[in-house]
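# Reading the structure
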Amino acid sequence: MDQIVLKNVTKNFTTKTLGTVTAVDNLNLTIQKGECFSFLGPSGCGKTTTLRMIAGFEDLTEGEIHLCGRPVSVKSKNLYVPPEERGLGMVFQSFAVWPHLNIFENVAFPLKVRKVDKAQMHERVAKALKHTSLDGMEKVFPGSLSGGQQQRIALARAIVTNPEVMLLDEPLSNLDPKLRESMRFEIKELQKEFNFTIVFVTHDQSEAMALSDRMMVMDMGKVIQVGTPTELYNQPINQFVHKFLGLSTFTYVNIRDGKAYPEGDPENALPVEVPANAESRMIMATRPNQIDMNRTSGYPSEVVKRSFLTNHAEYLVKVGDAVIKIQTPHRNEFAQGETCYLRFPGAMWYAADSEELEAERNRRQLV
Ligand code: ADP
Ligand code: MG
């Protein structure tokens, strides 16, 4: 079932200093019931604004939003359902718990506002606290707690209303990396228990990949690609998505007679299949863990530097003028200065002028 539908949603902000900024640009999106769906993209690409429009904290400039088939924002009809009537829970990056209320009072607050009777309130708060590992701490005030515990209070306060949809705006960004990882799993566990749809905003690709059933990569207010983490990782639609989903090296390559020569080396062709529609200059993208480094055949290269990391060895090797990174398991190790041969089974190709979007973004940031 379609849980959240956005149709041609646009949001402009007008300020004195910047004039009109299009934060969200004609966005179309459908999120299914029960999905864990992430918005991923660089800072300023419109993630929070999109989430706030779904929540009803922000009006639309154009377009419409439907929740469970019910219109909640329709600009053309001036229809607007306020946030508290949308059946949503929300957790933000800043912990936003009330310091003058103890944990019980913080979590019970939304039920008090809704005038839920006392017995039911106690039952629901107890369940929310149990599932966020805060039971036994009802009387504690948040000020004395760690960031992780404060974020658990915010989570408990959001689930206590039994929302159909949980909107999470970078809820883990202010936590240390280890805690961040364990909280990811806790959020998934909460979803199983309380059965809500999750919309999760993040600029952290590994967080999005670990949590999401599907995700949307955004840039400058636009949808760039929607898909499962595997689809986006293995079939990025352009260089921007490719770059956003994990470490990659981009090497300029000249195409001559159907063969690919790395820039700076007109002698040795790369052992790759050149795409049929290749232009004379292309970009070859390679992920460090998808390059075969061996002693027998492939593109002849030289180890410029090697480092030993806990789970793999990392090499910098020369490919024409470029130096690219390779990660391999700890076996058949190569020495610095040693000759090696490279194969690129995971290579992906982009037109050499596909950096345009990035240039546009840089221009905007300079303004
Ligand atoms: P993200 O969450 O992806 O970092 P935002 O949705 O917060 O991005 O912002 C998108 C764009 O809209 C940015 O250029 C930002 O400066 C602008 N913006 C967001 N909120 C406002 C506002 N209240 N007034 C003016 N501009 C805003
Ligand atoms: Mg944001």
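Residues numbered from 1 in each chain as written. Chains lettered and ligands numbered in written order. Predicted model: local features only at pLDDT ≥ 70, side-chain atom pairs only at ≥ 80, totals over all residues. Heavy atoms only, no water.

## A look at the sheet that holds strand E17 (residues 313-319)
Note the following rule: A pair of strands is treated as paired once DSSP finds two or more bridges between them. Under the scheme used here, helices are H or I runs from DSSP no shorter than 4 residues and strands are E runs no shorter than 2 residues, and both carry numbers assigned from the N terminus. Only C-alpha atoms enter the line fits that serve as axes; for helices the fit covers just the stretch in contact. Angles between N-to-C directions range over 0 to 180 degrees.
As summarised here, the arrangement of the 5 strands in space is E15-E19-E16-E17-E18, forming an open sheet in which the pairing is antiparallel. Each edge of the open sheet is held by one strand with a lone partner, namely strand E15 (292-294) and strand E18 (322-328). Each adjacent strand pair in this sheet contributes to an overall mean axis angle of 40 degrees, direction not counted.

## Thoughts on a nonpolar patch on the surface
Note the following rule: Distance thresholds for patches are 9 Å for like charges and 5 Å for nonpolar side chains (Val, Leu, Ile, Met, Phe, Trp, Tyr), applied to residues having over 30% relative accessible area and no salt bridge. Residue-level accessible areas treat just the shown protein chains as cover; the underlying method is Shrake-Rupley with a 1.4 Å probe. The salt bridge definition used is simple: a Lys or Arg side-chain nitrogen within 4 Å of an Asp or Glu carboxyl oxygen.
A cluster of nonpolar side chains, Phe13, Leu18 and Val21, forms an exposed patch at the surface whose accessible area comes to about 240 Å². Along the chain, valine 21 turns up in strand E2 (residues 19-32).

## Overview of the domain arrangement of the protein
Formally: Domain borders in the structure are assigned automatically or taken from a domain database. Pairs of residues are marked as contacts when any of their non-hydrogen atoms sit within 4.5 Å. Summed over both partners, the accessible area (1.4 Å probe) lost when two parts come together is defined as the buried area. Polar contact is defined as a pair of N or O atoms within 3.5 Å, subject to the rule that within protein one atom must be able to donate a hydrogen and the other to accept it, and that residues adjacent in sequence are counted only when both atoms are side-chain atoms. Three categories are distinguished: nonpolar for Ala, Val, Leu, Ile, Met, Phe, Trp, Tyr, Cys and Pro, charged for Asp, Glu, Lys and Arg, and polar for the others, with Gly belonging to the last.
Domains assigned within the protein are domain 1 (2-239) and domain 2 (247-350). A C-alpha centroid distance of 41 Å is found between domain 1 and domain 2. Each side of the interface is counted separately: domain 1 has 5 residues, and domain 2 has 7 residues. When the buried surface of domain 1 facing domain 2 is broken down by residue, Tyr233, Pro236 and Gln239 rank first, second and third, together holding 82% of it. Here domain 1 is connected to domain 2 by 0 salt bridges. Applying the counting rule to domain 1 against domain 2 returns 1 residue pair in polar contact (both at pLDDT 80 or more). Its residues placed into classes, the side of domain 1 that touches domain 2 shows 2 nonpolar, 3 polar and no charged.

## Details of the environment of glycine 56
Along the chain, the position of glycine 56 falls in the loop between helix H1 (47-55) and strand E4 (62-67). Between the C-alpha atom of glycine 56 and that of valine 201, which follows or precedes it by 145 residues, the distance is 16 Å. Beyond its immediate chain neighbours, meaning those up to four positions away, glycine 56 contacts Tyr80, Pro83 and Arg86.

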